[in-house]
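Here's the letter readout for the chains.
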Amino acid sequence: MRQDHLITATQLSRPDIEAVLDRAREIDGSREAFEQRYSGSVLALCFFEPSTRTKMSFETAAKRLGAETIDMGSIESSSVKKGESLADTVRVIEGYADALVLRHPSEGSAKMASEFVDVPVINAGDGAGQHPSQTLLDLHTIRERHGLDDLTIGIMGDLKYGRTVHSLASALTNFDATQHFISPESLRLPRSVRFDLHESGAQVREHTELDAVLPELDVLYVTRIQRERFPDENEYHQIAGEYRIDADTLSAADPDLTVMHPLPRVDEIAADVDETSHARYFEQAHNGVPVRMALLDMLLGGDSA
């Protein structure tokens, strides 16, 4: 993947995606062969928003490759609190690290940061924009169960503010996949995302109810209603809890249905789903390590897909 930065899923071609996923599969099968490959390298974790899985899996991935990590810490304990600009922050940290992982609340922040540094920048979430490394681990999880062609996937919940949704929908246009989007009217895909999907020739269907489409799905990708993305608190309370599944909901699903979630969940997937054969969201989270190891290996090593 001969690219300096990973900013959006739109920059990934099918060969790019398959190269990363093939490398992740190779790492999963022989992790010891990759140990210490990047001994002496340093990965900077620059998280301007809270994170558990993304941050810890990048840190784990780097350490399993033999690299060290440095952490900017909380906003309150950094110079950002003093008014330092993002451009200045990343230009300083560039001098300490071989690559940057950036999460920031402003859409477009990762692209802007990449214009000020010469080391690779990986977008770990930019507001309601994109989250491409999450998409790669999502695709790895799907591919290991179903493959990525002749696929019918339902994506349900917050489609307006959900950056994981925007990235995944874009990446799936590289494959033979039919995408069903299930959400309340107020949380439909943004017009710009719908336009890009239609321009790419994607097979897209939009729904307000899950019931009609559930039996035909291979994958159901559930997202939480993100309270922190709502400018209007009243709007959040009106919608929260409407799009919730439990084991009874899934009685109408195909026995091989895979249920996924980028996590964290609140109450959109009931705990009784965890005990069904459909649940794959914890496996999905664990896949973040080999996939991010593969991504770091290819960016730091300058591999060409």
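Our subject is the structure listed above.
We now turn to the structure provided with this report. (Residues numbered from 1 in each chain as written. Predicted model: local features only at pLDDT ≥ 70, side-chain atom pairs only at ≥ 80, totals over all residues. Heavy atoms only, no water.)

A few points about the sheet that holds strand β4 (residues 121-126)
Logical step 1: Spatially, β2-β1-β3-β4 is the arrangement adopted by the four strands of the open sheet, whose pairing is parallel. Every interior strand has two partners, whereas the edge strands, β2 (68-71) and β4, have only one. Strand-to-strand twist across the sheet, computed as the mean angle between neighbouring axes with direction ignored, equals 15°.
Logical step 2: The sheet contact formed by strand β1 (residues 42-47) and β2 spans four bridges and is parallel. The residue bridging valine 42 from the neighbouring strand is glutamate 68, located in β2. (Pairing = 2+ DSSP bridges. Helix = DSSP H or I, 4+ residues; strand = E, 2+ residues; numbered from the N terminus. Axes fitted to C-alpha atoms, helices over the stretch in contact; angles between N-to-C directions.)

A word on the pairing of strand β6 (residues 177-182)
Logical step 1: Within β6, six of the six residues are buried, which leaves it mostly tucked inside the rest of the structure.
Logical step 2: Burial along β6 is two-sided: Ala177, Gln179 and Phe181 facing one way and Thr178, His180 and Ile182 facing the other are all buried.
Logical step 3: Across six bridges, strand β5 (residues 151-156) lies against β6 in parallel orientation. In the strand pairing of β6, leucine 151 is matched with alanine 177.
Logical step 4: In this view, the connection linking β5 to its parallel neighbour β6 by way of helix α6 (residues 163-172) has right-handed handedness.
Logical step 5: Direction of pairing for β6 relative to strand β7 (residues 203-207): parallel, over a ladder of five bridges. Looking at β7, one finds that threonine 178 is bridged to glutamine 203.
Logical step 6: Considered for its hand, the β-α-β crossover made up of β6, helix α7 (residues 191-199) and β7 is right-handed. (Buried < 20%, exposed > 50% of the residue type's maximum accessible area, 1.4 Å probe, protein only. Right-handed = clockwise from strand over helix to strand, strands pointing away.)

Some thoughts on the layout of surface pockets
Logical step 1: Of the voids in this model, the largest pocket is the one considered here, and its volume is about 440 Å³.
Logical step 2: Surrounding the largest pocket, 22 residues form its lining, Arg103, Arg163, Arg224, Leu263 and Pro264 being those nearest its centre.
Logical step 3: Across the lining of the largest pocket, the residue classes tally to four nonpolar, 10 polar and eight charged.
Logical step 4: In this structure, the second largest pocket spans a volume of roughly 360 Å³.
Logical step 5: For the second largest pocket, the lining is made up of 20 residues, of which Gly129, Gln130, His166, Val193 and Asp196 are closest to its centre.
Logical step 6: Within the residue set of the lining of the second largest pocket, elements represented by two or more residues are α6 and α7. (1 Å grid on protein atoms, 1.4 Å probe; cavity = no way out; pocket = protein on both sides within 12 Å on 5 of 7 lines; lining within 4 Å. Points joined across faces, edges and corners; volume = space filled by probe spheres on them. Nonpolar A, V, L, I, M, F, W, Y, C, P; charged D, E, K, R; others polar.)

Digging into the packing of aromatic side chains
Logical step 1: Inspection of the entire model under this criterion finds one aromatic pair.
Logical step 2: Ring geometry for tyrosine 281 and phenylalanine 282: centres 5.3 Å apart, planes at 65°, overall edge-to-face.
Logical step 3: Judged by relative accessible area, which is 1%, tyrosine 281 ranks as buried. (Phe/Tyr/Trp six-rings, centres within 6.5 Å; stacked < 30°, edge-to-face > 60°.)

Comments concerning unusual backbone geometry
Logical step 1: Omega for the bond connecting leucine 263 with proline 264 falls within 30 degrees of zero, at 5°, which places this linkage in the cis form.
Logical step 2: Within the secondary structure, proline 264 sits in the loop between β9 (258-260) and α9 (281-286).
Logical step 3: At glutamine 36, a position not held by glycine, the phi torsion is positive, near 65°.
Logical step 4: With respect to the helices and strands, the residue glutamine 36 is situated in the loop between α1 (14-29) and β1.

A short note on the packing of α1 against helix α5 (residues 132-146)
Two quantities define a packed helix pair, namely the angle between the axes and the distance from one axis to the other.
Logical step 1: Between α1 and α5, the shortest axis-to-axis distance is 10 Å and the interhelical angle comes to 70°. It follows from the interaxial angle that α1 and α5 lie roughly perpendicular. Across from Ile17, Glu18, Val20, Leu21, Asp22, Ala24, Arg25 and Asp28 in α1, the residues of α5 making contact are Leu136, Leu139, His140, Arg143 and Glu144.
Logical step 2: Taken together, the residues that form the contact of α1 with α5 break down as six nonpolar, one polar and six charged. (Parallel < 35°, antiparallel > 145°, perpendicular 65-115°, else oblique. Contact = heavy atoms within 4.5 Å.)

Notes on the pattern of salt bridges
Logical step 1: Inspection of the entire model under this criterion finds 17 salt bridges.
Logical step 2: Across the pair aspartate 22 and arginine 143 runs a salt bridge whose closest N-O atoms are separated by 2.9 Å. In this pair, aspartate 22 is assigned in helix α1 and arginine 143 in helix α5, connecting sequence segments 121 residues apart.
Logical step 3: On the accessibility criterion, aspartate 22 (40% relative accessible area) is partly exposed.
Logical step 4: Note that aspartate 28 is salt-bridged to arginine 31, the shortest N-O span being 3.3 Å.
Logical step 5: Accessibility expressed as a relative area gives 40% for aspartate 28, which makes it partly exposed.
Logical step 6: Under the relative-accessibility criterion, arginine 31 is labelled partly exposed at 23%.
Logical step 7: The structure contains a network of salt bridges with shared partners spanning Arg23, Glu26, Arg37 and Asp297. (Salt bridge = Lys/Arg side-chain N within 4 Å of Asp/Glu carboxyl O.)

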